[in-house]
Amino acid sequence: SSKARKRLEQKPLYIERTKGSEILFGIAPCSLALTQSRRDLFRLFLKQSSDSQRLVMSEFVLQATARGVPVHYIKKRELTALCKGQVHQGVCLEASPLRFKSLEEAEKPDLRDEEGPNRQPIWLALEHIQDPMNLGAVLRSAYFLGVDRVVTSQRNSCPLTPTVSKASSGAVEVFDVYGTDDLQSFLKAKTAEGWEVVGTVSKPKDVENVPVISCSEFRWNKPVIIVIGSEGDGLSLETQLLCHQMLAIPPGRALHPGIESLNVSVATGILLHSICSQKLRHRD
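Presented here is a report on the structure given in the accompanying data block. Keep in mind that what you see is a predicted model, and the values were worked out from it rather than measured.

### What about the layout of surface pockets?
Space inside the largest pocket adds up to approximately 720 Å³. Looking at the largest pocket, it is lined by 33 residues, and the ones nearest its centre are Val201, Ser202, Lys203, Ser261 and Leu262. Those elements giving two or more residues to the lining of the largest pocket turn out to be β9 (212-214), β11 (245-248) and α10 (264-283). The greatest single-element share of the lining of the largest pocket, amounting to 4 residues, is contributed by α10. Split by residue class, the lining of the largest pocket holds 17 nonpolar, 11 polar and 5 charged.

### A look at a nonpolar patch on the surface
Taken together, the side chains of Leu262, Val266 and Ile270 make up a nonpolar region of the molecular surface, amounting to roughly 230 Å² of accessible area. Mapped onto the elements, Val266 comes out in helix α10. Given a relative accessible area of 43%, Val266 falls into the partly exposed group.

### Thoughts on the environment of Glu22
Along the polypeptide, Glu22 turns up in strand β1 (residues 22-25). Residues Glu22 and Cys83, 61 residues apart in the sequence, show an inter-C-alpha distance of 9.0 Å. Among residues more than four places away in sequence, those in contact with Glu22 are Arg17, Arg39, Leu93, Glu94, Ala95, Ser96, Pro97, Leu98, Leu160 and Pro162. Separated by 2.9 Å, the side chains of Glu22 and Arg39 make a polar contact.

### Section: the sheet that holds β11
Taken together, the 7 strands give an open sheet; going across it, the order is β7-β6-β5-β10-β8-β11-β9, and neighbouring strands pair in parallel fashion. This sheet does not close on itself; its edge strands, each paired only once, are β7 (177-180) and β9. The sheet shows a mean angle of 30 degrees between the axes of neighbouring strands, direction not considered. Across 3 bridges, the pairing between strand β8 (residues 196-200) and β11 is parallel. By the bridge assignment, Gly199 is partnered in β11 with Met246. Its contacts with the sheet put helix α6 (residues 132-145) on β5 (122-126), β6 (149-153) and β7, and the angle it makes with β5 is roughly 175 degrees.

### Let's talk about the packing of aromatic side chains
Inspection of every chain in the model, using the stated rule, returns 3 aromatic pairs. Aromatic side chains Trp123 and Phe186 sit 6.1 Å apart centroid to centroid with 10 degrees between the ring planes, which places their arrangement in the stacked category. On the criterion of sequence distance, the pair formed by Trp123 in strand β5 and Phe186 in helix α8 (residues 183-192) is long-range, its members being 63 residues apart. We note that Trp123, like Phe186, is buried.

Procedures and definitions
Residues numbered from 1 in each chain as written. Predicted model: local features only at pLDDT ≥ 70, side-chain atom pairs only at ≥ 80, totals over all residues. Heavy atoms only, no water. 1 Å grid on protein atoms, 1.4 Å probe; cavity = no way out; pocket = protein on both sides within 12 Å on 5 of 7 lines; lining within 4 Å. Points joined across faces, edges and corners; volume = space filled by probe spheres on them. Helix = DSSP H or I, 4+ residues; strand = E, 2+ residues; numbered from the N terminus. Nonpolar A, V, L, I, M, F, W, Y, C, P; charged D, E, K, R; others polar. Patch = residues over 30% accessible without salt bridge, like charges linked within 9 Å, V, L, I, M, F, W, Y side chains within 5 Å. Areas by Shrake-Rupley, 256 points an atom, 1.4 Å probe, with all protein chains shown as cover. Salt bridge = Lys/Arg side-chain N within 4 Å of Asp/Glu carboxyl O. Buried < 20%, exposed > 50% of the residue type's maximum accessible area, 1.4 Å probe, protein only. Contact = heavy atoms within 4.5 Å. Polar contact = N/O pair within 3.5 Å; in protein donor to acceptor, adjacent residues only side chain to side chain. Pairing = 2+ DSSP bridges. Axes fitted to C-alpha atoms, helices over the stretch in contact; angles between N-to-C directions. Phe/Tyr/Trp six-rings, centres within 6.5 Å; stacked < 30°, edge-to-face > 60°.

Below is the structure:
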């Protein structure tokens with residue numbers, strides 16, 4: 001019947017995936033993944049009849065051809081099915097997953113880092129960030145504002161999924177993220193090396209035995225690690241007690257109960273800007 005035929009036509013084409021692969025989606029993540037050589041790349045999928053994006057799509061074809069990646073043109077609904085309904089902007093890329101790098105690799109000098117005897121590194125440590133949108137936004141801010149390394153606890157934390165890459169606007173395709181199973185030991189080791197470990201808190205009254213200051217009062221005068229806690233619970237007590245001080249963002253008004261804190265990615269952006277802008281002032 002015509003109805004059955006219509007249903008068949010509407011059913012998205014099934015595309016068998018390469019074992020162990022994942023589907024990146026969105027213009028920025030796919031373009032950066034194609035140019036950075038960090039992943040194994042299997043197939044590029046572009047939307048058919050993308051007249052409004054012809055220039056963008058032709059650039060993708062050039063990038064894929066240069067890497068030897070096959071290009072397939074498929075319907076919009078098939079792209080949507082490939083990335084499970086996410087906003088793909090007409091582009092999907094089948095690739096191997098990104099993994100956290102080891103802490104040993106974090107200690108190696110990065111040729112892209114600024115040199116100089118007075119250079120003060122800033123690292124960001126993440127404890128149990130579980131929402132991929134938050135993780136992506138945090139990594140985007142860290143990359144933009146000049147953080148040197150990001151270290152995350154591997155247990156009870158979000159992996160580097162395609163959603164994280166999209167939320168980071170592709171920052172994870174160019175910015176390494178390091179993982180550890182023992183965040184507390186890592187912080188103790190950096191303290192022994194002379195680093196300052198600074199925690200973050202939304203409600204100063206929740207902190208015991210660690211001084212709490214406004215982020216605007218913090219002075220960055222030695223290598224520093226900023227530690228960010230989970231969306232719901234913040235930093236664990238064990239991690240709080242390893243911090244030399246805690247930073248808080250002062251609100252601009254009296255707050256109603258229930259909306260007394262910021263989203264973790266927004267708070268991270270504010271805190272990092274408050275600290276990293278000191279570097280910019282020192283350059284002037």
